[in-house]
Amino acid sequence: MADISIIGAGRLGTSLGRALAERGHRIRALACRSLRSARESRKIVGQGRPVTDVAAAAAAGRVVILCLPDERIRAAAVRLARSGIDWSGKTVLHTSGLLTAEALRPLRKRGAAAGSFHPAQAFPEKGMPPSRFRGISFGLEGDRIALEVAGGLVRDLGGRALIISEAAKPLYHAACILASNYPVVLWQAAAGVLERSGITDREALRLIVPLAEGTLRSVKKLDPEGALTGPIVRGDAGTVRAHLEALRRSAPEYLRLYRENGLAALKIAGKRGLADGKTRAIRALLEGR
Ligand SMILES: NC(=O)c1ccc[n+]([C@@H]2O[C@H](COP(=O)([O-])OP(=O)(O)OC[C@H]3O[C@@H](n4cnc5c(N)ncnc54)[C@H](OP(=O)(O)O)[C@@H]3O)[C@@H](O)[C@H]2O)c1
């Protein structure tokens, strides 16, 4: 079990600290900008000295995890490299989906093993339960030793390690955003369209959540291509026309979203064998021709 320091005990850092502590790791320090925030995190994690001094936090751990906002990571690495800490034998990881271990170069130069350790999961609050890490993928990238250390943490958390090359990280992260953030945009749009037909937010949520959960179950059982249902994959141009007319009349701000997603659905329908004539008719409607 490792001595771990968490620098940036915010939404992810605190949830991670709590989960690692539960698995038997020793959380030595929790650093935040404000002591108030660090103390709040300490209450959730149950261990670790709450501090605002990032160097003091880093000195206390053999594994140092930077859960800082992406734009703070390089500056923190520079600052920590100048701090006089002996970095040989330490492993430093950051949790950015986009950045690579290269952002930690000043610490590598001082002898640390460096890596990126990105849980592909959303942590909207500080105190998310340890189960939130179970079964999820972690994008890992970096030095051999850092990958070994990070891989061990992933196993302890019940996750799956996915090794990503340095060059592939931006695409990997864009895919995470498509899978996690953009469906939220579509659910919000669905609630907005329902509101135009007089359905309250509360009722809308009760309609959307089970519908989305059913779709997710189908994706898990089949795959995204096999899980697609609805008028486009059936080739029902009349329904698509009626939707477009209703949106144009009552909710025009959602028309573009409907059209663009419809065109993407049409590609899947093509792979599923939709006849050319039906594909052409629906494309003409969606493209507004
Ligand atoms: N949240 C997620 O869903 C999620 C998922 C995967 C990966 N990530 C990655 O995890 C990282 C952190 O994201 P987050 O959402 O957890 O951010 P967050 O909730 O805003 O937490 C950032 C933490 O960093 C601290 N901090 C900021 N600047 C600092 C500085 N100069 N010195 C010391 N501490 C500083 C903040 O302190 P205060 O509390 O005092 O403000 C806060 O505790 C990012 O790289 C993000 O891409 C996040």
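Note: the structure precedes this text.
What you see is a predicted model, and the numbers here were worked out from it, not measured in a lab. (Residues numbered from 1 in each chain as written. Predicted model: local features only at pLDDT ≥ 70, side-chain atom pairs only at ≥ 80, totals over all residues. Heavy atoms only, no water.)

1. Overview of the overall build of the protein
Turning to step 1, where the next piece is worked out: From N to C terminus, the protein includes 14 helices and eight strands.
Turning to step 2, where the next piece is worked out: Projected onto its principal axes, the C-alpha coordinates of the protein cover approximately 70 × 40 × 30 Å.
Turning to step 3, where the next piece is worked out: Looking at the protein residue by residue over its 289 residues, the buried ones come to 40%.
Turning to step 4, where the next piece is worked out: Within the protein, counting contacts between residues at least 6 apart in sequence, those at least 24 apart form 59% of the total.
Turning to step 5, where the next piece is worked out: Carbon and sulfur atoms form 53% of the exposed surface of the protein, whose accessible area is close to 15900 Å².
Turning to step 6, where the next piece is worked out: Computed over 47 positive and 26 negative side-chain charges, the inter-centroid distance for the protein is 3 Å. (Helix = DSSP H or I, 4+ residues; strand = E, 2+ residues; numbered from the N terminus. Buried < 20%, exposed > 50% of the residue type's maximum accessible area, 1.4 Å probe, protein only. Contact = heavy atoms within 4.5 Å. Areas by Shrake-Rupley, 256 points an atom, 1.4 Å probe, with all protein chains shown as cover. Lys, Arg positive; Asp, Glu negative; His and termini not counted. Charge placed at Lys NZ, Arg CZ, Asp CG, Glu CD.)

2. Examining helix α12 (residues 237-250)
Turning to step 1, where the next piece is worked out: An ideal rise of 1.5 Å per residue puts 20 Å on 14 residues; α12 measures up with 20 Å between its terminal C-alpha atoms.
Turning to step 2, where the next piece is worked out: When we look at burial in α12, the residues that qualify are Ala 237, Val 240, Leu 244 and Leu 247. For α12, the angular spread of the buried residues around the axis is 90°, confining them to a single face.
Turning to step 3, where the next piece is worked out: Tucked into the core, α12 has its buried residues touching α8 (182-196), α11 (231-234), α13 (255-271) and α14 (276-286). (Expected span 1.5 Å × (residues − 1). Arc of directions from axis to C-beta.)

3. Focus: a nonpolar patch on the surface
Turning to step 1, where the next piece is worked out: Judged by side-chain polarity, Leu 178, Tyr 182 and Val 185 come together as a nonpolar surface patch covering roughly 300 Å² of accessible area.
Turning to step 2, where the next piece is worked out: A relative accessible area of 54% places Leu 178 in the exposed class. (Patch = residues over 30% accessible without salt bridge, like charges linked within 9 Å, V, L, I, M, F, W, Y side chains within 5 Å. Salt bridge = Lys/Arg side-chain N within 4 Å of Asp/Glu carboxyl O.)

4. Examining the state of the cysteines
Turning to step 1, where the next piece is worked out: Overall, the coordinates contain zero disulfides when judged by the stated rule.
Turning to step 2, where the next piece is worked out: Residue Cys 32 stays outside any disulfide, its sulfur separated by 10 Å from that of Cys 67, the closest cysteine.
Turning to step 3, where the next piece is worked out: Unpaired in terms of disulfides, Cys 176 finds its nearest cysteine sulfur in Cys 67, a separation of 16 Å. (Disulfide = S-S within 2.5 Å.)

5. Quick word on the environment of Ser 96
Turning to step 1, where the next piece is worked out: By the element assignment, Ser 96 lies in the loop between β5 (91-94) and α5 (105-109).
Turning to step 2, where the next piece is worked out: It is 25 Å that separates the C-alpha atoms of Ser 96 and Leu 186, two residues lying 90 residues apart in sequence.
Turning to step 3, where the next piece is worked out: Apart from residues lying up to four places away in sequence, Ser 96 is in contact with Asp 70, Ile 73, Ser 116, His 118 and Lys 169.
Turning to step 4, where the next piece is worked out: At 2.9 Å, the side chain of Ser 96 forms a polar contact with the side chain of Asp 70. (Polar contact = N/O pair within 3.5 Å; in protein donor to acceptor, adjacent residues only side chain to side chain.)

6. Quick notes on the pattern of salt bridges
Turning to step 1, where the next piece is worked out: Applying the stated criterion across every chain, the model contains ten salt bridges.
Turning to step 2, where the next piece is worked out: Between Asp 3 and Arg 28 there is a salt bridge, and its shortest N-O distance comes to 2.9 Å. Of this pair, Asp 3 sits in strand β1 (residues 3-7) while Arg 28 sits in strand β2 (residues 26-31), placing them 25 residues apart in sequence.
Turning to step 3, where the next piece is worked out: The shortest N-O distance in the salt bridge between Glu 260 and Arg 256 comes to 3.2 Å. Highlighted residues: Glu 260 and Arg 256, both in helix α13, separated by four residues, approximately one helical turn.
Turning to step 4, where the next piece is worked out: Given the relative accessible area of 46%, Glu 260 is considered partly exposed.
Turning to step 5, where the next piece is worked out: On the basis of relative accessible area, Arg 256 is assigned to the exposed category, the value being 62%.

7. Structural notes on the site of the ligand
Turning to step 1, where the next piece is worked out: Residues in close proximity to the ligand total 22 residues, the closest being Leu 12, Arg 33, Ser 37, Asp 70 and Phe 123.
Turning to step 2, where the next piece is worked out: Contact between the ligand and Phe 123: an oxygen atom at 2.7 Å from a main-chain N or O atom of the residue.
Turning to step 3, where the next piece is worked out: In isolation the ligand exposes 890 Å². Once the protein is present, 80% of that is buried.
Turning to step 4, where the next piece is worked out: Among the elements of the structure, α1 (11-22), α4 (70-81) and β6 (113-119) are those that each provide at least two residues to the shell around the ligand.
Turning to step 5, where the next piece is worked out: Its residues assigned to classes, the shell around the ligand shows ten nonpolar, eight polar and four charged. (Near = heavy atom within 4 Å. Nonpolar A, V, L, I, M, F, W, Y, C, P; charged D, E, K, R; others polar.)

8. Some points on the packing of α13 against α14
Turning to step 1, where the next piece is worked out: The contact between α13 and α14 brings their axes to 9 Å, and the two run at 160°. On the basis of the axis angle, α13 is roughly antiparallel to α14. Crossing of α13 against α14: the hand is left-handed. Residues Tyr 258, Arg 259, Gly 262, Leu 263 and Leu 266 of α13 form the contact with α14, whose participating residues are Thr 279, Ile 282, Arg 283, Leu 285 and Leu 286.
Turning to step 2, where the next piece is worked out: Tallied by class, the residues present in the contact of α13 with α14 amount to six nonpolar, two polar and two charged. (Axes fitted to C-alpha atoms, helices over the stretch in contact; angles between N-to-C directions. Parallel < 35°, antiparallel > 145°, perpendicular 65-115°, else oblique. Left-handed = near helix turned anticlockwise from the far one by under 90°.)

9. What to know about the pairing of strand β4 (residues 63-66)
Turning to step 1, where the next piece is worked out: Residues Val 63 and Ile 65 of β4 are buried on one face, and the alternating residues Val 64 and Leu 66, pointing to the opposite face, are buried as well.
Turning to step 2, where the next piece is worked out: Sheet topology places β1 next to β4; four bridges connect them, and they run parallel. Bridging across to β4, Ile 4 finds its partner in Val 63.
Turning to step 3, where the next piece is worked out: At this point the chain moves from β4, through α4, to the parallel β5, and the crossover so formed is right-handed. (Pairing = 2+ DSSP bridges. Right-handed = clockwise from strand over helix to strand, strands pointing away.)

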